[in-house]
Amino acid sequence: MKTVTLTLTGVLLGTSALIAPSLAFAQTPAPQTAPMSPTQQTPAQQAEPEQAAELGEVVVLGRFIPEPNRESAEVAAFLTSEDLERTGDSSAASALARVTGLTVVEGRFVYVRGLGERYSSALLNGSPLPSPEPLQRVVPLDLFPSNILESVTVQKSYSVNFPGEFGGGVIDLRTIDAPTEPFFSMSASIGGDTESTGEEGLVYYGSRTDFTGFDDGTRDMPGELRAAIGTGKAINSSNFDDDVLQRIGHSLVNAPLRLLQREQNPVDFGFDLAGGLSSESSLGTLGLVAVAGYSNDWTYRSGRREEGTFSGDVLVPYVTRDFESNQNDIQLNLLGGLSLINENNELKWTNFYVRSVTKEARSEAGFDGFAGAVLRSDFTEWFERQLFSTQLAGEHDLMDQRVNISWRAAYALTTRDSPYETRFNYDADANGEFLHRTGGNRISFSELDDDVLSGGVDFSYKLPLSDYRDAVFSAGVAYSDNTRDAERRDFQFVPTASLTEDQRRSRVDYLYSDFNIGPNGIVLQEITGGAGSGAAAYEANLEVLAGYVQVDAEFMPLVRTTFGVRYEDGEQSVTSADLFGGAPPFPTTVLTEQYWLPSFTATWNFAEDQQLRVSASQTIGRPQFRELAPQSYTDPETDREFTGNPFLVDTELLNLDARYEWYFARQQYVTAGVFYKDLENPVESVISASGTGSRQQSFINAPQATVYGAEFEAKKYFEFPDSGSSFVADKRWLLQANYTWSDSEVQVDADDRVSSPAGADQDASFFIADGSRLQGHSEHVANLQMGWEDDTARSQATIIVNYVSERITARGAGNAASREPDYLQDPGVFLDFVYRKDFEYAGRDLGFALELRNLLGTEYDEYQELGNKIRVNNYKLGSGATVSLTARF
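Basis of the calculations
- Residues numbered from 1 in each chain as written.
- Predicted model: local features only at pLDDT ≥ 70, side-chain atom pairs only at ≥ 80, totals over all residues.
- Heavy atoms only, no water.
- Helix = DSSP H or I, 4+ residues; strand = E, 2+ residues; numbered from the N terminus.
- Buried < 20%, exposed > 50% of the residue type's maximum accessible area, 1.4 Å probe, protein only.
- Contact = heavy atoms within 4.5 Å.
- Areas by Shrake-Rupley, 256 points an atom, 1.4 Å probe, with all protein chains shown as cover.
- Pairing = 2+ DSSP bridges.
- Salt bridge = Lys/Arg side-chain N within 4 Å of Asp/Glu carboxyl O.
- Arc of directions from axis to C-beta.
- Axes fitted to C-alpha atoms, helices over the stretch in contact; angles between N-to-C directions.
- Parallel < 35°, antiparallel > 145°, perpendicular 65-115°, else oblique.
- Nonpolar A, V, L, I, M, F, W, Y, C, P; charged D, E, K, R; others polar.
- Phe/Tyr/Trp six-rings, centres within 6.5 Å; stacked < 30°, edge-to-face > 60°.
- Polar contact = N/O pair within 3.5 Å; in protein donor to acceptor, adjacent residues only side chain to side chain.
- pLDDT = per-residue confidence, 0-100.

Asks: Let's hear about the overall build of the protein: which residues, and what values?
Replies: For the protein, the helix and strand inventory stands at twelve helices and 45 strands. Taking all 889 residues of the protein together, the buried fraction comes to 53%. Contacts in the protein between residues at least 24 apart in sequence constitute 72% of all its contacts with a sequence separation of at least 6. As displayed, the protein offers around 37100 Å² of accessible surface, 55% of which is attributable to carbon and sulfur atoms.

See below:
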């Protein structure tokens, strides 16, 4: 049987042969050469296209379709190591902000097509990850530095080989592999920004070794306090003698962890090391890769936070606080990988560790209309986040590579430890001087452990349909067990009698010194689990057993179809605990569900280097642990208090996608797509206000919502060899842009009911207005990259623009009759510039990089607006610059 390769013209001429049953048409899986021109063909080859009766197989060559897009049957976006290098983004989170339809919230969490992070899943080399964040089960992507990543895949249409928790998409982070050639590199960087570097910011001492990301034991819970907690009794005068309470109070570290001072912020700095090698052995190629990094950054913020109340039909500020925050972020990361690869087998063992520490000093002061006075609060905090992941994976080809078996087993553990969170409150006197408020203090210790044990195996069988077409039948099973334990202890110093005037005016470390702590002064008592703080501890678990079958084949000429179904049996539970031996304060929440989740995708390669994809699927979104847990938690980013809703249920989604792709030249393309999603019981965040004015954020299931939109992306290189200017002629110029327009609508009918956090069956319109947008959804998202590459000068420069329109951060408090407007955030426009140049010095290959961030000085702006603008959270971000030098050995 003869095989002929044709260009688009040849395909069009050959379409008349479709009526012949003996003819088959296919797209080659991985073509390596471009079609031959007539001058390259033999006379017999040139004649064959005219002999339709002898034509055996027509192969359409997608010469310029990139390998990831060719291999994937789904609507997906890919970030390569080249993309990560060009934009200079330091983490996976910041890099993903460049992808079509993606936005990044709080610099950590990725929203895909306007759907919150709860509707997307993050995988590391195909395995699920736990989260160290109290408010999220999804791991924050700022924990993954870009130097450990080989690529990032964002799959926007669902396929059944991925977990069923899929709304916006799945993000698969792939770490670097062992190289074919040995390498070693080291880099160092310094940087700063206009708001932080050199600023006289608030600090507290902490310990001598804080700069390493590890304290020297200063923040360890004192033995006296730990022993008292071990009795299972609340620490107060009813359960402990005065001398015991005095010893416990004396054991708590005082001035180093409570006293705010001012100090000039230094420059940011960091360094990275990377190396790898491979060696041939009788078993195959042995490979080793290792990466290590350290960074130390400072962020100073100064702004305003307001709360509004109704005055007639408009909102007016009722609480106005000016705040100041100084935050030191230290991150240490380590990656190590071993591999063994031969012709038919591949084994990989990958280990990743990251420790991210935030040390923050913060103060806010202003008029509180609910208290009728000017108040001040000072905070000191230390948050330790750690992630450790180990994965063993293998892939094996059998029966002349017709059978493939791939498997993976992984364990990942994250922890979040927050010792000595302190808060001290003050009242202003008639002269504007601040005095200690009686009982206005809190010292907290909290811990969170979250781990995932997971494994899976996938089987595929390749059935040849012709010389150039295969049908791949796949099946697989997966298991994951995610467990979380969280506990929080709160303490307060209470005076046994009224504080004297001198005591109220004294420095914080003087007031809470050993001299004043005792039965005749101030006494420590535990307020864990007090009114309004919910459960002090909870345990949570999500266990999922899944299996799937899938077929990927080209049954029709030029049309690749992928379809299958996934079965998931999941049980999720959240159990609150009483730390003092009593009955659990809230009943256990258990969600047990079984789902059949089908998916279908078709890719029509209707013209050379052009294809059309359509997809349909059903998926789910489970509530996150923190959304279900009835434990109070204060977010340090906003000082907003969160409490879960144990009555939430799963979200069910219908996903429809269509996308046109044209790869008109190598690494150059135009894509355009549309999508539609229908969500049943989406989870939304709502604000509630008490009579004292305190605001608490919780969660409910909205009845129904839809999301729909369109995406466009283009990438084009330009060359001007005859421009007359060597600066222009020697370079390849890049223009790359993407834009997403989307809209969403929450549907609330008159008879719709929801379960409030208190368990009450309430009118849905009390919380959500019909027709409002989904929380976190932005109507417009756009990215633009313009730059050049000069292979001769070994340089590269890129201007990067990112725009995200306003989005809802939380539902306004109130009811259907008198509702406050929703909380909105306007991310705005960010302009960055990245320049890189490689050069040689003293026989050594070096690389220089300059990164300029937020050149427009865009601010963070969260607000409410009704007649007046209430600045819920507003501060300047500043413009930043970083320079780095890399040496390659």
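Don't stop here, the text continues.
Asks: Just give me the short version of the pairing of strand β15 (residues 284-311), but keep the residues and values in it.
Replies: The sheet contact formed by strand β14 (residues 268-281) and β15 spans 13 bridges and is antiparallel. Paired with alanine 274 across the bridge in β15 is valine 291. Counting the residues between successive antiparallel strands, the hairpin from β14 to β15 contains two residues. Pairing between β15 and strand β16 (residues 314-341): 27 bridges, direction antiparallel. Within β16, the position partnered with phenylalanine 310 by the bridge is leucine 315. Counting the residues in the hairpin turn of β15 and β16 gives two residues, including glycine 312, whose phi is positive at 70°.

Asks: Report on the pattern of salt bridges, specifying residues and quantitative values.
Replies: With the rule as written, the count across this model stands at 53 salt bridges. The salt bridge partner of aspartate 216 is arginine 208, with a shortest N-O separation of 3.3 Å. The exposure class of aspartate 216 is partly exposed, given its relative accessible area of 34%. Its relative accessible area of 63% is what places arginine 208 among the exposed residues. By sharing partners, the salt bridges in this structure join Arg98, Asp832, Arg836, Glu851 and Arg853 into a single network.

Asks: Please provide a residue-by-residue account of helix α7 (residues 242-251), values included.
Replies: Taken together, the buried positions of α7 are Leu245, Ile248, Gly249 and Ser251. In a view along the axis of α7, the buried residues occupy a sector of 160°, so they form one face of it.

Asks: Explain the packing of helix α6 (residues 223-230) against α7 to me, using residue names and the numbers behind them.
Replies: Packing of α6 against α7 brings their axes to within 8 Å, and their N-to-C directions diverge by 130°. On the basis of the axis angle, α6 is oblique to α7. Here Glu224, Leu225 and Ala228 of α6 come into contact with α7, specifically with Arg247, Ile248 and Ser251. Of the residues that constitute the contact of α6 with α7, the class distribution is three nonpolar, one polar and two charged.

Asks: Outline unusual backbone geometry, supporting the account with residue identities and numerical values.
Replies: Non-glycine residue methionine 399 carries a positive phi angle of around 50°. Secondary-structure assignment places methionine 399 in the loop between β18 (373-398) and β19 (403-428). Under the relative-accessibility criterion, methionine 399 is labelled partly exposed at 48%. Even without being glycine, glutamine 401 reaches a positive phi, approximately 65°. Along the chain, glutamine 401 turns up in the loop between β18 and β19.

Asks: Explain α6 to me, using residue names and the numbers behind them.
Replies: Each α-helix winds once per 3.6 residues, and so residues spaced three or four apart point in a common direction. When α6 is considered as a whole, its buried residues turn out to be Leu225, Ala228 and Ile229. Taken down its axis, α6 places every buried residue within 100° of arc, on the same side. Facing away from the buried side of α6 by over 90 degrees, the exposed positions are Gly223 and Gly230. Summarising the contacts, the buried residues of α6 are in contact with α7, β20 (434-464) and β21 (470-495). One or two steps after α6, the chain reaches glycine 232, where phi turns positive at roughly 80°.

Asks: Tell me what's going on with the sheet that holds strand β7 (residues 120-124), and back it up with residues and numbers.
Replies: Pairing in this open sheet of five strands is mixed, and the strands run β4-β9-β10-β7-β8 from one edge to the other. The open sheet terminates on both sides in strands that have one partner only, identified here as β4 (76-80) and β8 (127-128). Direction of pairing for β7 relative to β8: antiparallel, over a ladder of two bridges. Within the sheet, the bridge partner assigned to leucine 124 lies in β8 and is serine 127.

Asks: Describe in detail the packing of aromatic side chains, supporting the description with residues and values.
Replies: Evaluated as defined, the whole model comprises 23 aromatic pairs. For the pair tyrosine 318 and phenylalanine 370, a centre-to-centre distance of 4.8 Å together with 80° between the ring planes defines the contact as edge-to-face. Here tyrosine 318 is found in strand β16, whereas its partner phenylalanine 370 is found in the loop between β17 (345-368) and β18, with 52 residues between them in sequence. On the accessibility criterion, tyrosine 318 (32% relative accessible area) is partly exposed.

Asks: How would you summarise the pairing of strand β29 (residues 651-665) if you had to cite specific residues and measurements?
Replies: Direction of pairing for strand β26 (residues 610-621) relative to β29: antiparallel, over a ladder of twelve bridges. Residue pairing in the sheet places serine 615 in a bridge with aspartate 657 of β29. Across twelve bridges, β29 lies against strand β30 (residues 668-680) in antiparallel orientation. Looking across to β30, one finds that alanine 658 is bridged to valine 674. Between β29 and β30, which pair antiparallel in sequence order, lie two residues; one of them, glutamine 667, sits at a positive phi of approximately 60°.

Asks: Outline the side chain of aspartate 450, supporting the account with residue identities and numerical values.
Replies: Relative to the helices and strands, aspartate 450 is located in strand β20. On the basis of relative accessible area, aspartate 450 is assigned to the buried category, the value being 0%. Engagement of the side chain of aspartate 450 in a polar contact is seen with the side chain of arginine 484, the distance being 2.9 Å. Setting aside chain neighbours within four positions, we find aspartate 450 in contact with Pro130, Ser131, Ala412, Leu413, Thr414, Asn482, Thr483, Arg484 and Phe625.

Asks: Run through the environment of arginine 408, naming residues and quoting values.
Replies: Tracing the sequence through the fold places arginine 408 in strand β19. We classify arginine 408 as buried; its relative accessible area is 19%. Each C-alpha atom, one on arginine 408 and one on glycine 456, is 5.5 Å from the other, the two residues being 48 residues apart in sequence. Once residues within four sequence positions are removed from consideration, arginine 408 is found in contact with Gly126, Ser127, Gln391, Leu392, Ala393, Ser454, Gly455, Gly456, Val457, Asp458 and Ala478. Within the structure, the side chain of arginine 408 is placed 2.9 Å from the side chain of aspartate 458, a separation counted as a polar contact.

Asks: Could you give an account of the confidence of the model for the protein, naming the residues involved and the relevant values?
Replies: Within the protein, residue pLDDT values average 86, and 89% of them lie at 70 or more. A low-confidence stretch, residues 1-61 stays under pLDDT 50, and its non-local contacts, those more than four residues away or across chains, total 91 contacts.

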